[in-house]
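Structural overview for review
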Amino acid sequence: MANSDQNSGTSSTFSVSKKTPILGLKLYVIILVTIAALIIVFFLIIFLCRRSSRRRRAQLRYSSGLLPLVNKEISNIKQHDDHIKHVESVELGKNSSSNVSDEKKGNFTSNESSSSRTESVSVVESVNIGWGRWYSLKELETATSCFAVENVIGEGGYGVVYRGVVSDGSVVAVKNLMNNKGQAEREFKVEVEAIGKVRHKNLVGLIGYCAEGSERLLVYEYVDNGNLEQWLHGDVGPISPLSWEIRMKIAIGTAKGLAYLHEGLEPKVVHRDVKSSNILLDRKWNPKVSDFGLAKLLGSEISHVTTRVMGTFGYVSPDYASTGMLNEGSDVYSFGVLLMEIITGRNPIDYSRAPGEMNLVDWFKVMVASRRGEELVDGLIEVHPPPRALKRALLVCLRCIDLDPLKRPKMGQVVHMLEAEDFPFRSEPRAARETASIGPPEADAKKGP
């Protein structure tokens, strides 16, 4: 029996070590080579799968409209040696017949500070990769006459906005973000992610970008009639060109723009800095919401996000200011303050006024509760609004600034309320109570209290 096992082992050893017809190699050598080849193929398959997965993720990122701000992603794009088309000198004449000063002409943005990060980023010249056109720094220098002082149309803590004419002859507004500890980089990223692919008649269109070296610039459509703050609080004479009808047109257009950000996009966008200086106006008084540097993106499954409180004093909702919990209701509150500003012609905070009138929201509530709604209308409006239209606007203000954010309407509902002729809705007890504090509707006034 032992001899049998020994013979079997010897036979097995002999069969593995014997030479084969394949290059005269021994059988165990071929087995080892085969195993090594299989291991190499296995790791090669894993490598290819991972590479394919990265490509798919990059494609998804491109299709979602997000600008790749990571250096590696941008530097991997093959650079082209396209020649830059220089713009012939453009004479920027001033419109002497306009009531708007040169400061009022153009695309103005918020006073939030911004700056640029120092990391170097390679940028493709004139290559469209899905979010708009890439502009080189040299192109934008040519368009703005080397960022000439006479082309400045707005400036603040965020940087400077210039009027420019690009190579195709289009007039644009070039926002040059200033260097301040990386804030410009964050603002650049947020603006691109928030409105890079958004197209709405009541939102300022983002045309392109420049990220060259430490420079961060954004190129917008040019809006040539200043901003709402200038027309409400500037020196416009004894009679404001903003009639009641024009003011309501501006309010409704602004509400539609915000409603699109909140309800028409995924992820939704919370602007976080709704105020009169961020509402640009064209020659037909169509409003365009601008400056998304503080905006936040919220997924549909997210009810709120806790952030550092940002915004402009007087417009920020009390709940957001105290908790840092941000959602669409924060924009709704800011819009309510903006609507009060449109109706009254007063700043949200004005320390030059009497103590009881410094805070627009507090004064507004007192006036409405005292049934003195007609006294709230801006004295520069030549023709006062019909009583019913005024009461509707006042009610919308009250609904938007409700201290309970859950009771504030959605921006889509605000649009409906401002446009509806049958508002206030009698089916809502809360609205009826507020109506009673303002006064009876015009139809009911004939019947007496």
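Residues numbered from 1 in each chain as written. Predicted model: local features only at pLDDT ≥ 70, side-chain atom pairs only at ≥ 80, totals over all residues. Heavy atoms only, no water.

So, on to the overall build of the chain. Along the backbone of the chain there are 14 helices and twelve strands. Sequence separation of at least 24 residues holds for 66% of the intrachain contacts in the chain that already meet a minimum separation of 6. (Helix = DSSP H or I, 4+ residues; strand = E, 2+ residues; numbered from the N terminus. Contact = heavy atoms within 4.5 Å.)

What follows deals with the packing of aromatic side chains. When we look at a pair of aromatic rings, we describe it by the centre distance and by the angle of the planes. Applying the stated criterion across every chain, the model contains four aromatic pairs. Against the face of Tyr-222 rests Arg-163, its NZ or CZ located 5.5 Å from the ring centre. The ring of Trp-363 carries the charged tip of Arg-346 above its face, separated from the ring centre by 3.8 Å. (Phe/Tyr/Trp six-rings, centres within 6.5 Å; stacked < 30°, edge-to-face > 60°. Lys NZ or Arg CZ within 6 Å of the ring centre and 35° of its normal.)

With 14 residues, helix 11 (residues 387-400) should reach 20 Å at 1.5 Å per residue; the first-to-last C-alpha distance of 20 Å fits that figure. Within helix 11, twelve of the 14 residues are buried, which leaves it mostly tucked inside the rest of the structure. Every buried residue of helix 11 is accounted for by Ala-389, Leu-390, Lys-391, Arg-392, Ala-393, Leu-394, Leu-395, Val-396, Cys-397, Leu-398, Arg-399 and Cys-400. (Expected span 1.5 Å × (residues − 1). Buried < 20%, exposed > 50% of the residue type's maximum accessible area, 1.4 Å probe, protein only.)

Here we take up the pairing of strand 4 (residues 171-177). Taking burial as the measure, the seven residues of strand 4 include six buried ones, the bulk of the element. Two strands pair when backbone bridges link them, and strand 3 (residues 159-165) and strand 4 are joined in this way by seven bridges, in the antiparallel orientation. What sits directly across from Tyr-162, in strand 4, is Val-174. Hairpin connection between strand 3 and strand 4: a loop of five residues separates the two successive antiparallel strands, and Gly-169 in this loop has a positive phi of roughly 90°. Judged from the five bridges that link them, strand 4 and strand 6 (residues 215-221) form a sheet pairing that is antiparallel. Bridge pairing links Lys-175 to Leu-218 in strand 6. (Pairing = 2+ DSSP bridges.)

Quick look at the side chain of Lys-175 now. Summarising the element assignment, Lys-175 is placed in strand 4. Within the structure, Lys-175 has its side chain in polar contact with the side chain of Asp-291 (distance 3.4 Å). (Polar contact = N/O pair within 3.5 Å; in protein donor to acceptor, adjacent residues only side chain to side chain.)

The next point concerns the side chain of His-271. For His-271, the location among the structural elements is in the loop between strand 7 (268-270) and strand 8 (279-281). Here Ser-290 takes part through its backbone oxygen, which lies 2.9 Å from a polar atom of the side chain of His-271. Within the structure, the side chain of His-271 is placed 2.9 Å from the backbone oxygen of Asp-291, a separation counted as a polar contact. When near neighbours in sequence (up to four residues on either side) are disregarded, His-271 contacts Leu-258, Asn-278, Val-289, Ser-290, Asp-291, Phe-292, Leu-294, Ala-295 and Asp-331.

What follows concerns the environment of Leu-27. Its place among the elements puts Leu-27 in helix 2 (residues 27-63). Note: C-alpha distance between Leu-27 and Ser-17 (ten residues apart in sequence) is 5.9 Å.

Take a nonpolar patch on the surface next. Judged by side-chain polarity, Leu-27, Tyr-28, Ile-31, Leu-32, Ile-35, Ile-39, Phe-42, Phe-43 and Ile-46 come together as a nonpolar surface patch covering roughly 820 Å² of accessible area. Among the secondary structure elements, Leu-32 is positioned in helix 2. For Leu-32, a relative accessible area of 53% corresponds to the exposed category. (Patch = residues over 30% accessible without salt bridge, like charges linked within 9 Å, V, L, I, M, F, W, Y side chains within 5 Å. Areas by Shrake-Rupley, 256 points an atom, 1.4 Å probe, with all protein chains shown as cover. Salt bridge = Lys/Arg side-chain N within 4 Å of Asp/Glu carboxyl O.)

Another point: the UniProt feature "transmembrane region" (unreviewed entry) in the chain. As annotated by UniProt and renumbered to match this structure, "transmembrane region" (unreviewed entry) occupies residues 27-49. The span residues 27-49 is 100% helix and 0% strand, and its two end C-alpha atoms sit 33 Å from each other. (UniProt positions renumbered as here; feature names shortened; annotations may be inferred.)

On to the pattern of salt bridges. Taken as a whole and assessed by the stated rule, the structure comprises twelve salt bridges. With its nearest N and O atoms 3.0 Å apart, the salt bridge here joins Lys-268 to Glu-328. One end of the pair, Lys-268, is in strand 7; the other, Glu-328, is in helix 9 (residues 328-344), and 60 residues separate them in sequence. Residue classification places Lys-268 among the buried positions, given a relative accessible area of 10%. For Glu-328, a relative accessible area of 11% translates into the label buried. Residues Arg-372 and Glu-375 are paired through a salt bridge, measuring 2.9 Å at the closest nitrogen-oxygen approach.

Our next topic: the packing of helix 7 (residues 244-263) against helix 9. Closest axis-to-axis distance for the helix 7/helix 9 pair is 11 Å, and the angle between their directions is 170°. By the angle between their directions, the pair helix 7 and helix 9 is classed as roughly antiparallel. Only Glu-328, Asp-331, Phe-335, Leu-338, Leu-339, Ile-342 and Ile-343 of helix 9 make contact with helix 7, whose side of the interface consists of Trp-244, Arg-247, Met-248, Ile-250, Ala-251, Thr-254, Ala-255, Leu-258 and His-262. Across the contact of helix 7 with helix 9, the residue classes tally to eleven nonpolar, two polar and three charged. (Axes fitted to C-alpha atoms, helices over the stretch in contact; angles between N-to-C directions. Parallel < 35°, antiparallel > 145°, perpendicular 65-115°, else oblique. Nonpolar A, V, L, I, M, F, W, Y, C, P; charged D, E, K, R; others polar.)

Turning next to unusual backbone geometry. Of note, the amide linkage connecting Glu-266 to Pro-267 takes the cis form, showing an omega dihedral of 0°. Turning to its location among the elements, Pro-267 is positioned in the loop between helix 7 and strand 7. Positive phi, normally seen in glycine, also occurs at Ser-145, with a value near 55°. Among the secondary structure elements, Ser-145 is positioned in the loop between helix 4 (137-143) and strand 2 (152-156). The phi dihedral of Asp-291 is positive, around 60°, even though this residue is not glycine.

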